[in-house]
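# Breakdown of the fold
Spelled out from the first residue to the last, the chains are:
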Amino acid sequence: MGTLNHLQMVGFNSHVELGSIEGKPIMEPHDEGHSGSVSTKRNMFPVKAVVEFWGKKYIWSTVITSIKIAFLSDKINLLIPFGPLAILVDYFTGHHGWVFFLSLLGIIPLAERLGWATEQLAFYTGPTVGGLLNATFGNATELIISMYAMKHGMLRVVQQSLLGSILSNMLLVLGCAFFCGGIVHPNKQQVFNKSNAVMSSGLLLMAVMGLLFPAVLHFTHTELHFGKSELALSRFSSCIMLVAYCGYIFFQLTSQRNNSYTPIIEETNPDDGGSDDEESPDISKYESVIWLSILTLVISVLSEYLVNTIEGASVAMNIPIAFISVILLPIVGNAAEHASAIIFAVKDKLDISLGVAIGSSTQISMFAIPFCVVVGWIMGRPLDLNFQLFETATLIMTVLVVAFMLQDGTSNYFKGLMLVFCYLIVGASFFVHVDPQSIRKLSHFILICCLTFDQSVCVLHCCWK
């Protein structure tokens with residue numbers, strides 16, 4: 001009797017005629033009247049309520065767990081509140097210096113989390129699609145900042161920030177990785193795949209050639225059509241560089257799947273119980289896609305505040321715009337690469353460190369810069385590959401120095417120290433460098449002021465007479 005009462009409470013109907021229980025009739029299977037359907041709905045209601053309750057609880061539990069993994073698993077995420085704080089400061093005070101500084105700090109953890117979400121998604125896509133994802137989202141922060149700068153007509157900021165990303169990756173990131181790896185392993189010569197380094201150096205030299213010829217054409221005044229040939233050559237070279245980069249990605253993904261520039265899958269012996277370095281995804285595939293979308297949107301919002309306050313911050317902090325664009329902005333965008341390259345070098349995995357640093361530089365020089373030129377072409381912005389003489393010379397020297405450092409396939413802490421010192425020299429050079437286009441704008445402004453003043457003096461002189 002107790003069992004039957006329990007079945008009735010949880011909403012089950014017996015297929016056998018049960019008569020009545022405690023004077024309350026139970027509907028029999030052959031009774032298809034109106035009261036039978038009402039009884040069925042009444043008995044099934046608790047089951048639906050329980051399912052809905054536990055379903056909502058599971059969804060909320062999944063969301064909370066995903067948020068904890070995304071934002072509470074790394075100490076760098078303590079900088080995330082600076083992003084909303086920058087928006088509040090801009091709304092209430094409008095102080096460009098503070099808004100720029102807070103936005104800069106707020107983007108650092110978001111850029112790192114964007115790289116993390118890309119890596120999580122790569123676990124589910126395999127090495128081929130994962131390599132394409134890393135190539136696409138590896139420098140998403142720099143591309144977002146460049147798009148907003150181009151939208152506001154700040155073409156020099158676009159050029160200098162992308163150039164600074166190349167310099168930062170090749171000198172600062174790679175130098176710190178070599179230095180830390182050499183300090184942790186002082187009695188061991190760290191080695192890396194020399195053929196991969198040579199291929200990347202060749203691509204970087206090709207990018208240098210693409211940036212060099214428009215600058216030479218401009219400064220030698222040998223354009224066939226003045227003011228047009230330089231831009232046309234830049235757009236043609238950009239299309240060639242994009243095709244070359246696509247060919248490079250295809251070659252890496254089809255011919256060298258175990259290359260350090262694509263996701264590495266380390267085989268482990270089942271008898272060993274797995275390796276300590278074996279990694280597994282922290283979140284699901286759909287969570288990775290959602291976090292990629294959310295982080296890209298938030299970085300876009302903060303990038304707009306960052307770009308809008310660059311000129312005001314330059315005046316407020318008395319720092320040249322060239323230094324902000326070449327040094328400060330790239331350090332923010334490369335925060336994730338900087339940390340991961342050092343970690344892999346400490347673990348004696350220099351091939352991965354080299355892939356992070358040099359691979360990112362290759363992506364920017366062969367993909368990001370030509371892509372921005374093509375997007376500017378579509379938007380009607382005359383963005384070209386003439387990065388001016390000072391910036392182009394800096395890039396040439398950087399590529400040559402790094403190519404010589406990588407030619408023997410070994411590293412030590414002294415090589416890393418030399419690369420870091422080279423970056424300090426580059427930073428100091430841009431701190432005292434005044435952009436030629438800024439000088440032209442200032443001269444034009446002074447000329448207008450002088451002409452206006454002369455006209456005013458002439459009017460006063462006529463009135464006096």
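In this text the structure is predicted, and so the values were computed from the model without any measurement.

Attention now goes to the overall build of the protein. Scanning the protein from terminus to terminus reveals 16 helices and four strands. The buried share of the protein, reckoned over its 465 residues, is 42%. In the protein, the proportion of contacts linking residues at least 24 apart, taken out of those at least 6 apart, comes to 81%.

The residue Gly-83 is located in helix H3 (residues 82–92) in this model. The class for Gly-83 is buried, based on a relative accessible area of 4%. Between the C-alpha atoms of Gly-83 and Val-298, which are 215 residues apart in sequence, the distance is 9.0 Å. Once you skip the residues sitting within four places of it in the chain, Gly-83 turns out to touch Leu-102, Gly-106 and Leu-302.

With that settled, the discussion passes to the side chain of Ser-238. Mapped onto the elements of the fold, Ser-238 is located in helix H8 (residues 229–255). With relative accessibility at 0%, the residue Ser-238 sits in the buried group. Not counting residues up to four positions away in its chain, the partners in contact with Ser-238 are Pro-370, Val-373, Val-374 and Leu-385.

Now for a nonpolar patch on the surface. A contiguous nonpolar patch, built from Ile-59, Trp-60, Val-63, Ile-64 and Ile-67 and spanning about 500 Å² of accessible area, is present on the exposed surface. Relative to the elements of secondary structure, Trp-60 occurs in helix H2 (residues 34–71). For Trp-60, a relative accessible area of 59% corresponds to the exposed category.

Attention now moves to the confidence of the model for the protein. Averaged over the protein, the pLDDT score is 77; the fraction of residues at 70 or greater is 74%. Predicted confidence in the protein is weakest over strand E1 (residues 20–21), with a mean pLDDT of 42, and strongest over helix H15 (residues 413–431), with 94. Low pLDDT (under 50) marks residues 258–277, which in the prediction has 33 contacts with non-local residues, meaning those over four places away or in another chain. This stretch, residues 456–461, has a pLDDT under 50; its non-local contacts, to residues over four places away or in other chains, come to zero contacts.

Cut-offs and rules
Residues numbered from 1 in each chain as written. Predicted model: local features only at pLDDT ≥ 70, side-chain atom pairs only at ≥ 80, totals over all residues. Heavy atoms only, no water. Helix = DSSP H or I, 4+ residues; strand = E, 2+ residues; numbered from the N terminus. Buried < 20%, exposed > 50% of the residue type's maximum accessible area, 1.4 Å probe, protein only. Contact = heavy atoms within 4.5 Å. Patch = residues over 30% accessible without salt bridge, like charges linked within 9 Å, V, L, I, M, F, W, Y side chains within 5 Å. Areas by Shrake-Rupley, 256 points an atom, 1.4 Å probe, with all protein chains shown as cover. Salt bridge = Lys/Arg side-chain N within 4 Å of Asp/Glu carboxyl O. pLDDT = per-residue confidence, 0-100.

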